Amino acid sequence: MELIRPGIFIDFMKYYKYAIALSLVVIAASLIWIFAKGFNYGIDFTGGTEVQVAFTDDIQTDDLRSAVAEAGFPNAVIQSIGIAGDHEFLIRTPTEGDTGYAAAKKIEDGLKGAYGKDKVDIRAVNMVGGAVSKELKNKGFMSLLIANGLLLIYIWFRFQFKYSIGAIVALVHDVIVTLGFFAFTGREISLTVIAALLTLIGFSLNDTVVIYDRIRENIKKTSGPYDLGNLISASLSQTLSRTILTSLTVFIVCVCLFLFGGSVIHDFAFAMIVGVISGVYSTVFIASPVVLAMPGMVQKK
Amino acid sequence: MDKFKLKGLLILAVLIVGIVLAAPSFFGKGELPEGYPGWKQKIKLGLDLQGGMHLVLQVVTEKAVESRMASVLSELRGQMINERIHYSKAVVDTPMTLKISLRVPDEYEKLERLVLDTHQYLKETNREKGTDGSLVLTYRISDKEAKNIRDQAVEQALETIRNRVDQYGVSEPSIIPQGADRIVLQLPGVTDPERAKKIIGKTALLEFKLVDEEASVTDAASGNVPAGSYIAYMKDGNQPVILKQQAPLTGAFLEDARVKIDQYNEPYLSIAFNREGGRIFERVTSENVGKRLAILLDGKVYSTPVIRDAISGGKAVIEGRFTMEEAKDLAVVLRAGSLPAPVTVLEERTVGPTLGQDSIRKGIIASLVGSLLVVFFMLIYYKLSGLIADLALTFNMILMIGTMSALGWVLTLPGIAGFVLTIGMAIDANVLVFERIREELRLGRTPKMAVEMGYKNAFSAIFDSNITTIIAAVVLIQFGTGPVRGFAVTLCIGLVWSMFTALVLCRWIQEWVVTYKNTDHVSI
């Protein structure tokens, strides 16, 4: 079985201007959402208490909000998590007043009073202090920077500097788009989401490296002058079926996690799904054109 | 034996070791059957999968320094009286400094010698004339000594908390220091986190102090507290009591604490001092017959019994209208000893047992569905080669589980996600190779040649692309905590093994097929 006809040549580089325009629009939209709406940071990054509660019956968010307010937390943020059949919610309470288990106990008692004793299951309680959340935030963003930096150096070392610029531009693209989706959908940014971002950086680069590897190989094979744009398009075409296959398997797996993995890894899977799609796109339409657009060395390495 | 066969045997050996190491984990939660041979350790589950409590505590080491300064000061006061150095004021100014006002400035040299001889770690940082003509001296504890006190406080807190957790009865707790002043606790299976937290976090400083019978509470309330005394409050009702500042006896001299029931069916604590404590107790009680002795816990007065007689034998009781649970927990805490400094909770995370179970179940379902889809897909797309890749994938999983259980690494819920993700990514190596082989076949190469070239040409792409993901994962291991780190670890192990299964195992099988089966085509 073959998805892509062998020997096919698609002149990807012919379209790269449109692609870059599209990317710029998406990135602009993402940034606007991020700055206008901001992130819905989880308690890992804001500090506070988070109570995860599951109900046996269908519960309306507004209804739950008033029940939680009656339990003594009028400022609590209520968020439905997981898929529809889970009946699971996150209740986030601010840092003042009762925190941690004490807050959880109050909420539990309040909800059991409102909905019935055996209908409510307190599944998890998380409390993160202010100092720790600041640390986690710093560490989270530092880790993204460090990972990007290390990968830049690695690509530089294995290929050429302009390749590493292309790769990093593609990575930043993927991260911004994914974060934009998080801002857009109001999903919570937690430690697990940062983990997903790092993973998709690794994965997206994985794609890029395979194509760069092919470009390098094709340059080696060529004798005499050549058109880099054509050569890149040829390399992309040759690896296209692999790019699609691998992304597809990872995509399938992430969708499975999204659908069946439960509420805790729901957002993780969501980030991966967005990232995988963006990753394939950026590999083909961002990472490679940037190499082409960079002035300088066209000669063999 | 030729090289090819030797290689096959080596691969087989690795796989067998992997199977042996991974096998116990496949029995799930159940016990291994009677007489199960070989490796018995199962893969360890993280708190998020088995349920339990994760606490990050910070030892307020500043307080340990401060209380040390207080005891240095009280020693110094005694020394100054002995040496006839007349001071008008001697206080702990900031946690790290003492302030002493000398009524007779000429006695400065005497004090200087005294400090130099007996308290070398105090350094004079300021000397000035006070308003009343006295000489005001500021002494600061040296940074080295302060650091020692801090380190000791953390070490002692760690020890005390370990004792308390042992007494409370948690199986397989993990209690480790982190950074300069933090302690991370992992307590699997704790069902009453609030209670556990109270037991662990209570300072539990037990003190015995004499009531200042000469002072009057009304005088004290208007701010007229005699020197060397202070106002404390009762645990119930908050009535004020005037106490002497000095505590002749503390929980440090305690040997045992038990819950007893009195004739009204109320629980109380019966405590026993060690030998030295017993002697001090006897001396204090014999010198103060008729006076009241206050029993304080963490600064609150629990009771103020009148001393009727000298008490020998080193036994005492603490009453305080406890509930049975309070009394039991207090006994645990007192037996384990007090914390050298208070602790604050920086982070608390609890996962209930239902969520843990649910997560395991859902994680397994997601993994199974995901991997079956990938396996099925590979089979359809690459036929026999796909089957070989599927076999490699299966062994990849087994080797991952085996490695984690052998090294005692913890499987967390994001770790399960890491497993599933590895399935998706590991297949990439196979896809790269197979696409190459197809290309080579299209160029008209023989099956044997195509397989060989396929593996050879795909190597650099596979290696580079895996390294990039591993770099990202290693950064994550460095920064991540708990579950997230579990994810990164799983991903790393998975990728490393995927290179083995895809590049070594698959290659060997495919080479065997094209070499020994004399096929004229590759099923790909």
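Fair warning: this is a prediction, and the values are worked out from it, not measured in the lab. Per chain, residues are indexed from 1 in the order of the written sequence. Labels follow written order: the first chain is A, the first ligand is 1, and so on. In keeping with the predicted nature of the model, local features appear solely for residues at pLDDT of at least 70, side-chain atom pairs appear and are counted solely at 80 or more, and the whole-chain, interface and lining totals rest on all residues.

## Describing the overall build of chain A
- Helix and strand counts for chain A stand at 9 helices and 6 strands.
- Expressed along its principal axes, the backbone C-alpha trace of chain A runs to roughly 80 × 45 × 30 Å.
- Distance between backbone-placed C-beta atoms decides contact: two residues are in contact if it is within 7 Å. Look at the contacts in chain A between residues 6 or more apart in sequence, and 79% of them connect residues 24 or more apart. In this description a helix means any DSSP run of H or I spanning at least four residues, a strand means any run of E spanning at least two, and both kinds are numbered starting from the N terminus.

## Description of the overall build of chain B
- Tallying secondary structure elements over chain B gives 13 helices and 19 strands in all.
- Taking 24 Å as the expected radius of gyration for a compact globule of 524 residues, we find that chain B reaches 35 Å, considerably beyond that expectation.
- For chain B, the spread of C-alpha atoms along the three principal axes comes to 110 × 60 × 45 Å.
- Relative to its 524 residues, chain B shows a buried fraction of 43%. In this setup the radius of gyration rests on C-alpha atoms only. A globule is expected at 2.2 Å times the number of residues raised to 0.38. Exposed residues have 12 or fewer other C-beta atoms within 10 Å of their own C-beta, buried residues have 20 or more, and partly exposed residues fall in between, where C-beta atoms are placed from the backbone.

## Some details on the nonpolar core
- With 236 residues, the main nonpolar core has L197, L198 and V253 of chain A together with V420 of chain B as its most contacted residues.
- If we ignore the near neighbours within four places in the chain, the residues touching L197 of chain A are L144, V175, T178 and A271 of chain A. In this description, a nonpolar core means buried residues of the types Ala, Val, Leu, Ile, Met, Phe, Trp, Tyr and Cys, linked to one another by C-beta atoms lying within 7 Å.

## Quick look at the environment of G52 of chain B
- Structurally, G52 of chain B is set in strand β2 (residues 52-59).
- Exposure remark for G52 of chain B: the 27 C-beta atoms within 10 Å place this residue in the buried category.

## A look at helix α4 (residues 100-115) of chain A
- For α4 of chain A, spanning 16 residues, the distance from its first C-alpha to its last is 22 Å, which sits close to the expected 22 Å at 1.5 Å a residue.
- Regarding α4 of chain A, the residues found buried are G100, Y101, A103, A104, I107 and L111 of chain A. Burial along α4 of chain A is one-sided: seen end-on, the buried residues are contained in an arc of 150°.
- Against the buried residues of α4 of chain A lie β2 (48-55), α3 (61-70), β4 (88-93) and β5 (120-128) of chain A together with α6 (193-201) and β18 (343-351) of chain B.
- Just beyond α4 of chain A, the residue with positive phi is G116 of chain A, at close to 105°. Helix span, expected: 1.5 Å multiplied by one less than the number of residues in the helix. Directions pointing from the helix axis toward each C-beta atom define the arc.

## Remarks on the packing of helix α5 (residues 143-168) of chain B against α6 of chain B
All names here are of chain B.
- Fitting a line to C-alpha atoms yields each axis, with helices limited to the stretch in contact; the angle taken between N-to-C directions then spans 0 to 180 degrees. Where α5 meets α6, the closest approach of the two axes is 9 Å, and the angle between their N-to-C directions is 140°. The angle between α5 and α6 places the two elements in the oblique class. As α5 packs across α6, the resulting crossing turns out to be right-handed. Here I161, R164, V165 and Y168 of α5 come into contact with α6, specifically with A196, I199 and I200.
- When residues are sorted by character, Ala, Val, Leu, Ile, Met, Phe, Trp, Tyr, Cys and Pro go into the nonpolar class, Asp, Glu, Lys and Arg into the charged class, and all the rest, Gly among them, into the polar class. When its residues are assigned to classes, the contact of α5 with α6 shows 6 nonpolar, no polar and 1 charged. Roughly parallel here means an angle under 35 degrees, roughly antiparallel means over 145, roughly perpendicular means 65 to 115, and every remaining angle is called oblique. A crossing counts as left-handed when the near helix is turned anticlockwise from the far one by less than a right angle, and as right-handed when that turn is clockwise.

## Thoughts on the domain arrangement of chain B
- An automatic or database domain assignment provides the domain bounds reported here. The domains assigned to chain B are domain 1 (3-29 + 37-50 + 352-516), domain 2 (53-60 + 147-349) and domain 3 (62-142).
- Each of domain 1 of chain B and domain 3 of chain B has a C-alpha centre, and the two are 68 Å apart.

## Observations concerning the interface of chain B and chain A
- On the side of chain A, 54 residues touch chain B, which itself brings 58 residues to the contact.
- Sorting the residues of the side of chain B that touches chain A by element identifies α6, β18, α10 (353-407), α11 (413-442), α12 (447-479) and α13 (482-516) of chain B as the ones contributing at least two each.
- With 15 residues, α10 of chain B is the largest single contributor of residues to the side of chain B that touches chain A.
- The class makeup of the residues in the side of chain B that touches chain A is 35 nonpolar, 12 polar and 11 charged.

## Remarks on the packing of α11 of chain B against α12 of chain B
Residue and element names in this part refer to chain B.
- At a closest axis distance of 8 Å, the pairing of α11 and α12 adopts a crossing angle of 150°. In terms of orientation, α11 and α12 fall into the roughly antiparallel class. Note that α11 runs across α12; the crossing there is right-handed. Residues M425, A429, L432, V433, R436, I437, E440 and L441 of α11 pack against A450, V451, M453, G454, Y455, N457, A458, A461, I462 and T469 of α12.

## Some remarks on helix α5 (residues 130-158) of chain A
- Here α5 of chain A spans 42 Å end to end across 29 residues, near enough to the 42 Å set by a 1.5 Å rise per residue.
- Within the span of α5 of chain A, buried status applies to V132, S133, L136, G140, S143, L144, A147, N148, L151 and I155 of chain A.

## Description of the environment of W409 of chain B
All names here are of chain B.
- Within the element layout of this structure, W409 appears in the loop between α10 and β19 (410-411).
- Here W409 falls in the partly exposed class, since 18 other C-beta atoms lie within 10 Å of it.
- In sequence terms W409 and I43 are 366 residues apart; their C-alpha atoms lie 7.4 Å from each other.
- Contacts of W409, omitting those with residues within four sequence positions, involve M404 and V489.

## With respect to the domain arrangement of chain A
All names here are of chain A.
- Taken domain by domain, chain A consists of domain 1 (12-42 + 133-293) and domain 2 (48-128).
- At the interface, 7 residues of domain 1 touch 8 residues of domain 2.
- Looking at side-chain class alone, the side of domain 1 that touches domain 2 contains 1 nonpolar, 5 polar and 1 charged residues.

## What to know about the sheet that holds strand β3 (residues 87-94) of chain B
All names here are of chain B.
- Paired strands are those between which DSSP finds at least two bridges. Taken in spatial order, the 4 strands of this open sheet run β3-β4-β6-β5, and their pairing is antiparallel. Of all the strands in the sheet, just β3 and β5 (122-129) have a single pairing partner and so form its edges. Mean inter-strand twist for the sheet, computed between neighbouring axes without regard to direction, equals 20°.
- Where strand β4 (residues 97-102) and strand β6 (residues 135-141) come together, 6 bridges link them in antiparallel fashion. Following the sheet pairing, L98 is matched in β6 by Y139.

## Section: the pairing of strand β7 (residues 174-178) of chain B
Residues and elements named next belong to chain B.
- Relative to strand β8 (residues 182-188), β7 runs antiparallel, the two sharing 5 bridges. Within the sheet, the bridge partner assigned to P177 lies in β8 and is I183.
- Taking the residues between adjacent antiparallel strands as the criterion, β7 and β8 are bridged by 3 residues, where G179 takes a positive phi near 65°.

## A closer look at the environment of Q238 of chain A
- Checked against the element boundaries, Q238 of chain A lands in helix α8 (residues 228-260).
- The class of Q238 of chain A is buried, set by 22 C-beta atoms lying within 10 Å.

## Re the sheet that holds strand β3 (residues 77-81) of chain A
- Taken in spatial order, the 8 strands of this open sheet run β3(A)-β4(A)-β2(A)-β5(A)-β18(B)-β2(B)-β8(B)-β7(B), and their pairing is antiparallel. On the outer flanks of this sheet lie β3 of chain A together with β7 of chain B, each paired with one strand and no other. Direction aside, the axes of adjacent strands within the sheet are offset by 20° on average.
- Across the face of the sheet, α3 of chain A comes into contact with β3 and β4 of chain A while running at roughly 140° to β3 of chain A.

## Some thoughts on unusual backbone geometry
All names here are of chain B.
- Located in the positive-phi region is N265, a residue other than glycine, with phi close to 70°.
- Residue placement: N265 occurs in the loop between β13 (254-261) and β14 (267-273).
- Despite not being glycine, D298 shows a phi value in the positive range, around 50°.
- One can find D298 in the loop between β15 (293-297) and β16 (300-303).
- Accessibility expressed as a C-beta count within 10 Å gives 15 for D298, which makes it partly exposed.

## Some words on the pairing of β3 of chain B
Residues and elements named next belong to chain B.
- Of the pairings in the sheet, the one linking β3 to β4 comprises 6 bridges and is antiparallel in character. Looking at β4, one finds that T94 is bridged to T97.
- Hairpin connection between β3 and β4: a loop of 2 residues separates the two successive antiparallel strands.

## What about the confidence of the model for chain A?
- Model confidence for chain A is summarised by a mean pLDDT of 87, while 97% of its residues fall at 70 or above.
- A low-confidence stretch, residues 297-301 of chain A (pLDDT under 50), is modelled with 6 contacts involving residues beyond four sequence positions or located in other chains. pLDDT gives the predictor's per-residue confidence on a scale running from 0 to 100.

## Looking at the confidence of the model for chain B
All names here are of chain B.
- For chain B, the average pLDDT comes to 88, and 100% of its residues sit at 70 or higher.
- Across chain B, element-level confidence peaks in helix α1 (residues 3-22) with a mean pLDDT of 93 and bottoms out in helix α7 (residues 217-221) with 77.
- Listed scores for the predicted complex are pTM 0.82 and ipTM 0.86.

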